[in-house]
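# Structural features, examined
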Amino acid sequence: MAEKLSMQPYKGTRDFYPQEMKLRNWFFGIIRRELENAAFDEYNGPMLESLSLYAAKSGEELAKEQTYNFTDRGGRSLAIRPEMTPTVARMVAAKMGELNYPLKWFCISNMYRYERPQRGRLREFWQLNVDIFGCDTFEADLDVIESAISLLRAFGADETMFRVHINNRRFFNDVIAAVCNTDAEGAKKVSKVVDRKGKVERESYEKDLFELGLNSDQIAKIDALYTMNVHEATALCPESVGSQELVSLFEMLERTGLDKYCVFDFGIIRGLDYYTGTVFEVFDEAPENNRAMFGGGRYDNLVDLFVKNARISGVGYGMGDVTLENFLVTH
């Protein structure tokens, strides 16, 4: 007699019965309404992409360890999409001469990542992606951050329930280069360690920095940055373009009254390789939901991967349905 098949979905995926679909359709409906009112247009892309697309710009760790990938019958190396940003950059590059800038686009698509399922993170998830292309200045950064705040406010959330943590990769690289007396490549290696800081023991964190050639005094100076506000931190490297971008962004957040939702956080790096400027994550303030709901930033060079010297800047973020549902249920 043949073995009975399991009635459980594949690990890290979910079944959506009608009641669950009603909930999903409700909160995605609110998201669509808010973004369309803010002049964003909806798009979508294919589930399958070349594996090299993610290796080139998302980083080797994501491409090799976190994708569901395979070789098709034509010998092509493909991956089921683990994120949307490389796809939308490819789409913009394909029709860059036909589009009117700035572009304000969003999509809600399902993604797959091969990683350990846990609270707030599954192997299959639906993700909102919001992007602006063709605006080089911090006003676009402000626009996408404001849209993230507006989405949560549309559900009734206030400043006690979430916080936007903001940093800048250009500033990070410049201040690390100054503190550690290193070059851009050295600063990039330090960023990988800082990005893992909250996920490893202190001893392991320091060991990784020592192995990169840092001494105790330099590590202490990095530690001090975690407690500084934006003006204290940028004063250490005032000539940095990233410092100037941070100061301008926070001044505009204050003018628009959005500063009550935001905080400077030197520990926000965003581990993907393509980020170049502003980076941010939105955290649920409830202690049981200790994972970022939104994450994103500026990626000025991604379209250049497809068209040399394209010079089309981008800034955006992604937000998963799992963390949003945890937020809504908790609050």
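Residues numbered from 1 in each chain as written. Predicted model: local features only at pLDDT ≥ 70, side-chain atom pairs only at ≥ 80, totals over all residues. Heavy atoms only, no water.

### Regarding the overall build of the chain
- Of the regular secondary structure elements, the chain holds 12 helices and 11 strands.
- Taken over the C-alpha trace, the chain has a radius of gyration of 20 Å; the compact-globule value for 331 residues is 20 Å, and the two agree within 12%.
- Across its three principal directions, the C-alpha atoms of the chain cover 70 × 45 × 45 Å.
- A total of 331 residues make up the chain; the buried ones form 48% of that total.
- Once local pairs closer than 6 in sequence are excluded, the contacts in the chain between residues at least 24 apart make up 72%.
- Summed over its atoms, the accessible surface of the chain is roughly 16500 Å², and 49% of this surface lies on carbon and sulfur atoms.
- Charged side chains in the chain number 40 positive and 51 negative. The centres of these two groups are separated by 5 Å. (Helix = DSSP H or I, 4+ residues; strand = E, 2+ residues; numbered from the N terminus. Rg over C-alpha atoms; globule rule 2.2 N^0.38 Å. Buried < 20%, exposed > 50% of the residue type's maximum accessible area, 1.4 Å probe, protein only. Contact = heavy atoms within 4.5 Å. Areas by Shrake-Rupley, 256 points an atom, 1.4 Å probe, with all protein chains shown as cover. Lys, Arg positive; Asp, Glu negative; His and termini not counted. Charge placed at Lys NZ, Arg CZ, Asp CG, Glu CD.)

### What about the pairing of strand β6 (residues 124-133)?
- With 10 of 10 residues buried, β6 is to be regarded as a mostly interior element.
- Both faces of β6 are covered, namely the face carrying Glu-124, Trp-126, Leu-128, Val-130 and Ile-132 and the face carrying Phe-125, Gln-127, Asn-129, Asp-131 and Phe-133.
- Note that strand β5 (residues 103-112) and β6 share 10 bridges and pair antiparallel. Each residue of the ladder has a partner; that of Trp-105, found in β6, is Asp-131.
- Relative to strand β11 (residues 314-320), β6 is paired through seven bridges, and the arrangement is antiparallel. Paired with Asn-129 across the strands is Gly-318, a residue of β11. (Pairing = 2+ DSSP bridges.)

### Structural notes on the sheet that holds strand β4 (residues 77-80)
- Spatial strand order, β2-β4-β3: three strands in an open sheet with antiparallel pairing. Because the sheet does not close on itself, it has two edges, and the strands there are β2 (48-50) and β3 (68-71). With direction set aside, neighbouring strand axes in the sheet form an average angle of 35 degrees.
- Pairing geometry for β2 and β4, over three bridges, is antiparallel. Note on β4: the bridge partner recorded for Glu-49 is Ala-79. (Axes fitted to C-alpha atoms, helices over the stretch in contact; angles between N-to-C directions.)

### A short note on the sheet that holds strand β10 (residues 292-298)
- Pairing is mixed in the open sheet, where eight strands are placed in the order β1-β5-β6-β11-β10-β9-β7-β8. Edge positions in the open sheet fall to β1 (41-42) and β8 (262-264), since each of these has one partner strand only.
- Here seven bridges tie strand β7 (residues 162-168) to strand β9 (residues 278-284), and the two strands are oriented antiparallel to one another. Residue Ile-166 lies in a different strand from β9, and its bridge partner there is Phe-280.
- Where helix α6 (residues 169-180) meets the sheet, it contacts β7, β8, β9 and β10, and its direction lies at approximately 55 degrees from that of β7.

### Side note on the nonpolar core
- In this structure, Ile-31, Leu-128, Phe-162, Ile-166 and Tyr-317 are the most contacted members of the largest nonpolar core, which totals 65 residues.
- Looking at which element gives the most residues to this core, the answer is helix α5 (residues 138-154), with nine residues.
- The contact partners of Ile-31, leaving out residues within four places of it in the chain, are Ile-108, Leu-128, Leu-151, Phe-155, Met-319 and Leu-324.
- In terms of nonpolar packing, the next biggest core, distinct from the first, is built from 23 residues, Val-88, Trp-105, Met-111 and Ile-268 among them. (Core = buried A, V, L, I, M, F, W, Y, C linked by side-chain atoms within 4.5 Å.)

### Notes on the packing of α6 against helix α7 (residues 184-195)
- At a minimum axis separation of 9 Å, α6 and α7 run at an interaxial angle of 110 degrees. Taken together, the axes of α6 and α7 lie roughly perpendicular to each other. Contacts between α6 and α7 involve Phe-172, Asn-173 and Ile-176 on the former and, on the latter, Ala-187, Val-190, Ser-191 and Val-194. (Parallel < 35°, antiparallel > 145°, perpendicular 65-115°, else oblique.)

### Brief notes about the packing of α6 against helix α9 (residues 216-225)
- In contact at an axis separation of 9 Å, α6 and α9 are set at 150 degrees when each is read in the N-to-C sense. With respect to α9, the element α6 is oriented roughly antiparallel. Both α6 and α9 take part in a crossing whose hand is right-handed. Packed against α6, whose contacting residues are Val-175, Ile-176, Val-179 and Cys-180, the element α9 presents Gln-218, Lys-221, Ile-222 and Leu-225 at the interface.
- A per-class count over the contact of α6 with α9 returns six nonpolar, one polar and one charged. (Left-handed = near helix turned anticlockwise from the far one by under 90°. Nonpolar A, V, L, I, M, F, W, Y, C, P; charged D, E, K, R; others polar.)

### With respect to the pairing of β4
- Note: β3 against β4, four bridges, orientation antiparallel. Of the residues in β4, the one forming a bridge with Tyr-68 is Ile-80.
- Where β3 folds back onto β4 in an antiparallel hairpin, the turn is made up of five residues, including Gly-75, whose phi is positive at roughly 80 degrees.

### Comments concerning the pattern of salt bridges
- In the structure shown here, the tally under the stated rule is 18 salt bridges.
- In this structure, Asp-300 engages Arg-170 in a salt bridge whose closest nitrogen and oxygen atoms are separated by 3.4 Å. Placement of Asp-300 in the loop between β10 and β11 and of Arg-170 in helix α6 is noted, with a sequence separation of 130 residues between them.
- By relative accessible area, Asp-300 is classed as buried at 18%.
- Look at Arg-170 and you get partly exposed, because its relative accessible area is 23%.
- Among the ionic pairs, Glu-281 bridges to Arg-270, the shortest N-O distance being 3.0 Å. Of this pair, Glu-281 sits in strand β9 while Arg-270 sits in the loop between β8 and β9, placing them 11 residues apart in sequence. Assigned by exposure class, Glu-281 and Arg-270 land together as buried.
- Several salt bridges converge on common partners, so that one network encompasses Asp-141, Arg-170, Glu-245, Arg-298 and Asp-300. (Salt bridge = Lys/Arg side-chain N within 4 Å of Asp/Glu carboxyl O.)

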